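Descriptive structure summary
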Amino acid sequence: MSAGATVSLARELRGIVGEDGVLTGAATAPYETDATASRGLRGVPDAVVVPSSAEEVAELVAFACARGVALVPRGGGTGLAGGAVPVEGGVVVSLERLGGVHELTPEAWRLSVGAGVTTATVRRLARENGLFFPPDPGAAEQSHIGGNVATNAGGPHAFKYGNTGTWVTGIEAVVPPGEVVRVGGDQRKDVGGYDIKSLLVGSEGTLGIITAVTLRLLPAPEALLPIVAFFADAESGCAAVAEVIANGIEAAALDFLDGPSLEVVRGAYPEAVPDDAGFVLISEVDGPAEEAARQAAELQACVAETAIRTDTPVPAEVWRWRDGVSGAMSGARGGKVSEDIFVPLPRLADAIRGVHEIGAELDLPTGTWGHAGDGNLHASFLIDPSDPAQLDRANGAADRLFTLAIDLGGGVTGEHGIGWVKRGQLARQWTEGAIVLHEQIKRSFDPANVLNPGKKVARL
Ligand SMILES: Cc1cc2nc3c(=O)[nH]c(=O)nc-3n(C[C@H](O)[C@H](O)[C@H](O)COP(=O)(O)OP(=O)(O)OC[C@H]3O[C@@H](n4cnc5c(N)ncnc54)[C@H](O)[C@@H]3O)c2cc1C
């Protein structure tokens, strides 16, 4: 876009969101990228706007539809698929000012908040009222609930509790040509129409701009009992995961780190890590104290048969340690290309082995970690981002990774979404009919293709 066109676009946008609702100069720099920055993804927005109400968002969408201007919705910018990056320009619409708590009814286990409230705030509000919001994606202090809904984010406790969408009972969103719609709400039952709420969940800013959500909460579990088990290798660790599930033990979380991932955070574990550990299972059992203690004892006995050592650490300490893995992996070489493939549980060890084979063939250090119980791996190829040859090889590795996941009976993303970096990949995984439906749904919400164009496309 020419300098003159940018100035006149900013003037028109100020007419909608006010003088301070349009960011300029250095203030726009943070909106050029998201958590894919370390793999080199960046885009220069034509403008960045920070609307203060759903009505302003509606005016923005109406303006975009009338003028054919692309909008790139943005939450906390922690996405790992490049969905909030203005790769091809466009107006970034940051929902950060929609941060209000609309209604909290602890007695009904319900919370309605603006899309810009952080995940950590939602979890804290629930906790302060004796309740519990289970989704726990790893960048909770920065990510927004709107972004979590838009990506259908998971996290360690998705094993027992499901991804974010499981906890959404209502959505307020702006859809083309500039209408505020409300689907669902705080009621417990509502099956009348097509499930538009679920279409918006995971839509990655391509069907509507989410301005508020109503969430279902749960009474807080009385006990949280983590068990960490170290194994010699991925084969024995993955077999133990399968045993836990087959024995009917209802774990809340069954996460893992493979050997190379364990290596980068070894020093930060609260105790000394056994020298010969090549895989660690980070599990947790929750619930009423007595029942949780019984299940925890069963889980520990089950994994102890093949583990090198089992620990029962303090919950906050072990999850803080686990949350540090992604950053530590990026820091090991300066950057990483990381994809969140999923595979059937019995193929988890094959997937981990396959990731290492790809890394070895392309001469890239690798590490995998993630949500073992869900068969969801964060397979990472470590790079020096200043070396274009490494980045090229890592992108090639990611492509082979998708083939591996699909060949093993899984798919290309378990929780991070398609965004920009996996655009076109669904075509490998889906039938033609499903792809056509996907495209028709996009057209019926957004016929002018102004909402996050180029993102979440099923085929190129
Ligand atoms: C250290 C780290 C750990 C992570 N761990 C996990 C994890 O365990 N599980 C997991 O699932 N993810 C994880 N993530 C990825 C990321 O935090 C999630 O995808 C999160 O849900 C993104 O939320 P956000 O607010 O940052 O969204 P953004 O990155 O800003 O946007 C993500 C996508 O959602 C769209 N979007 C955002 N807000 C809205 C809105 N209000 N309306 C419409 N569309 C919108 C954007 O256009 C984009 O397509 C992790 C990321 C990091 C950096």
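The following paragraphs examine the structure supplied in this document.

What counts, and where the lines are drawn
Residues numbered from 1 in each chain as written. Predicted model: local features only at pLDDT ≥ 70, side-chain atom pairs only at ≥ 80, totals over all residues. Heavy atoms only, no water. Near = heavy atom within 4 Å. Polar contact = N/O pair within 3.5 Å; in protein donor to acceptor, adjacent residues only side chain to side chain. Areas by Shrake-Rupley, 256 points an atom, 1.4 Å probe, with all protein chains shown as cover. Helix = DSSP H or I, 4+ residues; strand = E, 2+ residues; numbered from the N terminus. Nonpolar A, V, L, I, M, F, W, Y, C, P; charged D, E, K, R; others polar. Domains from an automatic or database assignment. Axes fitted to C-alpha atoms, helices over the stretch in contact; angles between N-to-C directions. Parallel < 35°, antiparallel > 145°, perpendicular 65-115°, else oblique. Left-handed = near helix turned anticlockwise from the far one by under 90°. Contact = heavy atoms within 4.5 Å. Phe/Tyr/Trp six-rings, centres within 6.5 Å; stacked < 30°, edge-to-face > 60°. Buried < 20%, exposed > 50% of the residue type's maximum accessible area, 1.4 Å probe, protein only. Lys NZ or Arg CZ within 6 Å of the ring centre and 35° of its normal.

1. Brief notes about the site of the ligand
Taken together, the neighbourhood of the ligand is formed by 36 residues, with Pro73, Gly75, Gly76, Thr78 and Gly79 sitting nearest. In the model, an oxygen atom of the ligand is placed 2.8 Å from a nitrogen or oxygen of the glycine 75 main chain. Take asparagine 148: an N or O atom from its side chain is 2.9 Å from an oxygen atom of the ligand. For the ligand, whose unbound accessible area comes to 970 Å², protein coverage reaches 93%. Looking at the shell around the ligand, the elements with two or more residues in it are strand S3 (71-74), helix H4 (145-151) and strand S10 (209-216). Among the elements that take part in the shell around the ligand, H4 stands out by supplying five residues, more than any other. Class assignment of the residues belonging to the shell around the ligand gives a composition of twelve nonpolar, 21 polar and three charged. Split by domain, the residues of the shell around the ligand number at least three in each of domain 1 (3-94) and domain 2 (101-219).

2. Some thoughts on the packing of helix H7 (residues 234-246) against helix H12 (residues 348-361)
A pair of packed helices is captured by two measures, namely the crossing angle of their axes and the spacing between those axes. Here H7 crosses H12 at 150 degrees, and the two axes come no closer than 9 Å. Taken as axis vectors, H7 and H12 run roughly antiparallel relative to one another. Viewed along their axes, H7 and H12 form a crossing whose handedness is right-handed. Between H7 and H12, the residues in contact are Ala234, Glu235 and Cys238 and Leu348, Ala349, Ile352 and Arg353, respectively. Here the contact of H7 with H12 is built from residues that sort into five nonpolar, no polar and two charged.

3. Digging into unusual backbone geometry
Between proline 176 and proline 177 the backbone carries a cis peptide bond, its omega angle lying at 5 degrees. Position of proline 177 relative to the elements: it lies in the loop between strand S8 (168-175) and strand S9 (179-184). Positive phi values are uncommon outside glycine, yet asparagine 152 reaches one of about 50 degrees. Tracing the backbone shows asparagine 152 in the loop between H4 and helix H5 (158-161).

4. A short note on the packing of aromatic side chains
Throughout the structure, instances matching the rule amount to six aromatic pairs. With a centroid separation of 5.4 Å and 10 degrees between ring planes, the pair formed by phenylalanine 256 and phenylalanine 279 is classed as stacked. Of this pair, phenylalanine 256 sits in strand S13 (residues 253-258) while phenylalanine 279 is found in strand S14 (residues 279-287), placing the two residues 23 residues apart along the sequence. Each member of the pair, phenylalanine 256 as well as phenylalanine 279, is classed as buried. Between tyrosine 269 and tryptophan 321, the ring centres sit 4.7 Å apart and the planes meet at 65 degrees, which makes this aromatic pair edge-to-face. Taken together, the residues span a long stretch of sequence, with tyrosine 269 in the loop between helix H8 (259-265) and S14 and tryptophan 321 in helix H10 (residues 315-323) at a distance of 52 residues. Tyrosine 269 sits in the buried class, given a relative accessible area of 5%. The class of tryptophan 321 is buried, set by a relative accessible area of 6%. A network of ring pairs unites the aromatic residues Phe132, Tyr161 and Trp167 as a single cluster. The aromatic ring of tryptophan 167 is capped on one face by arginine 216, whose charged end is 4.1 Å from the ring centroid. The ring of tryptophan 420 has arginine 423 sitting right over it, with the charged end atom 3.7 Å from the ring centre.

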